[in-house]
Amino acid sequence: MKLIITLFFILSLNSAMAGTVTFKDCKSHEKTKIKDSLRWLKNNMSTLDARMGRNKLMDWPGDTRTKFKNKLNKDLKFVCANDRNKCKVEPGDTGMLLGQVVPVFAQKKITLCTNNLQRAADNWGVSVMSKYVGVIAHEVGHLIRLNAHRTNCVQMHEKPRFSKSVGLAAEYGYRGEYYNSDVYTALCN
């Protein structure tokens, strides 16, 4: 009986730590990709560890690894915003918004431009899942550590800040590869 009570307590504790994932304006295949990405991130922290701090990516500063892992287990709300102006890509645009958060205390909402994730994957010849994993990791990174993007193209890729670093570590880790800044800096004007 004591074993059953202990097991029940452990299972209850684990499910309480899992957090709830909610969605707004997401299609069923997008929800599946988001849930699969979160599962991959939770189960592959060692893959991120093997890439953070290497090949010009920033290492985990302070207690960000713990905060990142904890945030993945808290309530998160994903908004698929494809029909909104922020996700529109005009002919001739060189960049496109993939995801966005407004990092404030205890924030949990992550906006994704899922059509742009597919477009970016097609443009780079990579799996769309690697883009989902990378962008979700990047946005969670913004939720746990306030940091702006670098504006200088070369520095953005050769000295990426935390959110960009964790996103690239996740994307490349999902693909089983390592980040190489030369691929990106070659595109800088």
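The preceding data block contains the structure.
Reference entry: report on the structure contained in this document. Values in this document were obtained by computation on a predicted structure and should not be read as measured data.

### Some thoughts on the packing of aromatic side chains
And then number 1: Under the criterion given, the structure shown has seven aromatic pairs.
And then number 2: Relative to Phe68, the ring of Trp60 has its centre 5.6 Å away and its plane inclined at 55°; by these criteria the two rings are tilted.
And then number 3: Here the aromatic cluster, defined as three or more aromatic residues joined through ring pairs, consists of Trp124, Tyr172, Tyr179 and Tyr184.
And then number 4: In this arrangement the basic side chain of Arg175 is found over the ring face of Tyr172, its NZ or CZ atom lying 4.2 Å from the centre.

### Notes on the nonpolar core
And then number 1: Grouped together as the largest cluster of nonpolar side chains are 39 residues, with contacts concentrated most on Ile34, Leu41, Phe68 and Ile136.
And then number 2: Where this core is concerned, the elements lending two or more residues are helix H2 (28-43), helix H3 (45-51), helix H4 (64-72), strand S2 (76-80), strand S4 (109-112), helix H5 (114-124), helix H6 (128-144) and helix H8 (162-175).
And then number 3: Ranked by the residues each element gives to this core, the list is headed by H6, at ten residues.
And then number 4: Beyond its immediate chain neighbours, meaning those up to four positions away, Ile136 contacts Ile34, Ser37, Leu38, Leu41, Phe78 and Leu112.

### Observations concerning the environment of Lys42
And then number 1: Position of Lys42 among the secondary structure elements: in helix H2.
And then number 2: The spatial distance from the C-alpha of Lys42 to the C-alpha of Phe68 is 9.5 Å, given a sequence separation of 26 residues.
And then number 3: Among residues more than four places away in sequence, those in contact with Lys42 are Ala18, Leu72 and Asn73.

### Re the packing of H6 against H8
And then number 1: Contact geometry of H6 with H8 gives a least axis separation of 7 Å together with a crossing angle of 155°. Considered as vectors, H6 and H8 are oriented roughly antiparallel to each other. Relative to H8, H6 is oriented so that their crossing is right-handed. Across from Met129, Ser130, Lys131, Val133, Gly134, Ala137, His138, Gly141, His142 and Ile144 in H6, the residues of H8 making contact are Phe162, Ser163, Lys164, Val166, Gly167, Ala170, Glu171, Tyr174 and Arg175.

### Thoughts on the environment of Lys33
And then number 1: Looking at the secondary structure, you find Lys33 in helix H2.
And then number 2: According to the relative accessible area criterion, Lys33 is buried, its value standing at 19%.
And then number 3: Considering only alpha carbons, one finds Lys33 and Val133, 100 residues apart in sequence, at a separation of 8.7 Å.
And then number 4: Sequence-distant contacts of Lys33, that is, excluding residues within four places in its chain, are made with Val128, Met129 and Tyr132.

### Observations regarding the layout of surface pockets
The method is simple in principle: a probe with the dimensions of a water molecule rolls over the atoms, and the space it marks as empty is what remains.
And then number 1: Roughly 1,200 Å³ of volume is contained in the largest pocket.
And then number 2: Of all the secondary-structure elements, those providing two or more residues to the lining of the largest pocket are strand S3 (99-100), H5, H6, helix H7 (153-158) and H8.
And then number 3: Residues belonging to the lining of the largest pocket are distributed by class as follows: 15 nonpolar, 13 polar and eight charged.

### Considerations on the environment of Ala137
And then number 1: Following the sequence through the fold, Ala137 ends up in helix H6.
And then number 2: For the pair Ala137 and Gly167, spaced 30 residues apart in sequence, the C-alpha to C-alpha distance is 4.9 Å.
And then number 3: Not counting residues within four places of it along the chain, the set of residues in contact with Ala137 comprises Leu41, Phe68, Val166, Gly167 and Ala170.

Reading guide: rules and limits
Residues numbered from 1 in each chain as written. Predicted model: local features only at pLDDT ≥ 70, side-chain atom pairs only at ≥ 80, totals over all residues. Heavy atoms only, no water. Phe/Tyr/Trp six-rings, centres within 6.5 Å; stacked < 30°, edge-to-face > 60°. Lys NZ or Arg CZ within 6 Å of the ring centre and 35° of its normal. Core = buried A, V, L, I, M, F, W, Y, C linked by side-chain atoms within 4.5 Å. Buried < 20%, exposed > 50% of the residue type's maximum accessible area, 1.4 Å probe, protein only. Helix = DSSP H or I, 4+ residues; strand = E, 2+ residues; numbered from the N terminus. Contact = heavy atoms within 4.5 Å. Axes fitted to C-alpha atoms, helices over the stretch in contact; angles between N-to-C directions. Parallel < 35°, antiparallel > 145°, perpendicular 65-115°, else oblique. Left-handed = near helix turned anticlockwise from the far one by under 90°. 1 Å grid on protein atoms, 1.4 Å probe; cavity = no way out; pocket = protein on both sides within 12 Å on 5 of 7 lines; lining within 4 Å. Points joined across faces, edges and corners; volume = space filled by probe spheres on them. Nonpolar A, V, L, I, M, F, W, Y, C, P; charged D, E, K, R; others polar.

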